[in-house]
Amino acid sequence: MVELNSSRFASFDGANLAVTVVGEGRPLVLVHGLFSSAEMNWIKFGHTAKLVEAGFQVIMPDLRAHGASTKSHHAGDYPVGVLTKDLAALVEHFDLSDYDLGGFSLGARTSAKGVIDGLTPRRLALCGMGLQGLSGWKNRSSFFIDAIDRFDEIKRGDRAFMAKSFMKTMGIDREAARLLLRAVDDVANADLAKITMPTALICGNKDQDNGSAKDLAMALPDGRYREIPGTHMSSVADGVFGNALVEFFAD
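Residues numbered from 1 in each chain as written. Predicted model: local features only at pLDDT ≥ 70, side-chain atom pairs only at ≥ 80, totals over all residues. Heavy atoms only, no water.

**Quick word on the pattern of salt bridges**
Here is the rule we go by: Basic side-chain nitrogens of Lys or Arg form a salt bridge, by our definition, when they fall within 4 Å of a carboxyl oxygen of Asp or Glu. Put simply, DSSP marks the helices as runs of H or I at least four residues long and the strands as runs of E at least two long, and each gets a number from the N terminus on. For every residue, the accessible area obtained with a 1.4 Å probe (protein chains only) is divided by the maximum for its type, and the residue is called buried under 20%, exposed over 50%, and partly exposed between those limits.
Per the stated rule, a full pass over the model turns up 15 salt bridges. D13 is paired through a salt bridge with R64; the nearest N and O atoms lie 2.9 Å apart. Taken together, the residues span a long stretch of sequence, with D13 in the loop between strand 1 (4-10) and strand 2 (16-22) and R64 in the loop between strand 4 (56-61) and helix 3 (82-93) at a distance of 51 residues. Classification of D13 as partly exposed rests on a relative accessible area of 35%.

Encoded structure:
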């Protein structure tokens, strides 16, 4: 059992964000996916424990509008690029200079954009992410906004049923989540050249939710594709995912 240290910090605009820190050693920032939390993505299925055992201090924020972080219903609290600004504020808050960075799905997109905007981790892991998930985010965003808008009418068999079920399980504040989705911008393919550090593309063999992870690996200066079992939802719950993170970051 790892000891969890939960706290809060003020982001660039004063927003109150939650962060969980576990372990001692080399700092590793992990950013969870849409409608999830640090607990669900990283802690629940044992990934954090494996990383702590491998010698890392794991720093896991709850994204704005998620988990224990603030869930404002004011549009002004969600400027374009807000998540990458929050990530930069987290790095500054912990005074990180030599660290690693990883994210799953929306967290991977946030991490990639954070590096493009100036963050300099030693190593980067973009998990559950493909090329189209970065450059074509508006299509993904539209899908989830539609799921929010049709939440009460979505039935089993609807392509948005899984998204609805996960939002319900996680107790998502749908109004806050809708505002946040509007604030996430696309990543230009030309900017991928700025991601120069070793970058792992860890993705389920049945996961095409964000496009091709193989294509993204090929588009990056030092992209390294690592296939694990599962779909977008099941791969992150598999112990193999945690093993892949340890293998990459401990190298």
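More follows now that the structure is in view.
**Here's the deal with the environment of R150**
Spelled out, the test is: Two residues qualify as a contact provided that any one of their heavy atoms is within 4.5 Å of a heavy atom in the partner residue.
Here R150 is to be found in the loop between helix 6 (137-149) and helix 7 (161-170). It is 35 Å that separates the C-alpha atoms of R150 and A200, two residues lying 50 residues apart in sequence. In this view, R150 contacts D158 and A160; residues no more than four positions away in its chain are not counted.

**Topic: unusual backbone geometry**
Keep in mind that most residues, glycine aside, have a negative phi and that most peptide bonds are trans. Of note, F35 is a non-glycine position whose phi angle comes to about 65°, a positive value. Within the fold, F35 resides in the loop between strand 3 (26-31) and helix 1 (38-43).

**Thoughts on the packing of aromatic side chains**
What counts here: Here a Phe, Tyr or Trp ring, Trp counted by its six-membered ring, pairs with any other such ring whose centre lies within 6.5 Å, and the pair is stacked when the planes are under 30 degrees apart, edge-to-face when over 60, and tilted otherwise. Placement of a positive charge over a ring is assigned whenever Lys NZ or Arg CZ falls within 6 Å of the ring centre and within 35 degrees of the normal to the ring plane.
Evaluated as defined, the whole model comprises 6 aromatic pairs. Note on F56 and F249: the rings are 6.4 Å apart at their centroids and 70° apart in plane angle, and the pair reads as edge-to-face. Of this pair, F56 sits in strand 4 while F249 sits in helix 11 (residues 239-249), and the two are 193 residues apart along the sequence. Assigned by exposure class, F56 and F249 land together as buried. Among the aromatic side chains, those forming a connected cluster through ring pairs are F35, F143 and F144. Against the face of F248 rests R123, its NZ or CZ located 4.6 Å from the ring centre. When the ring centre of F151 is taken as reference, the NZ or CZ atom of R174 above it lies at 3.8 Å.

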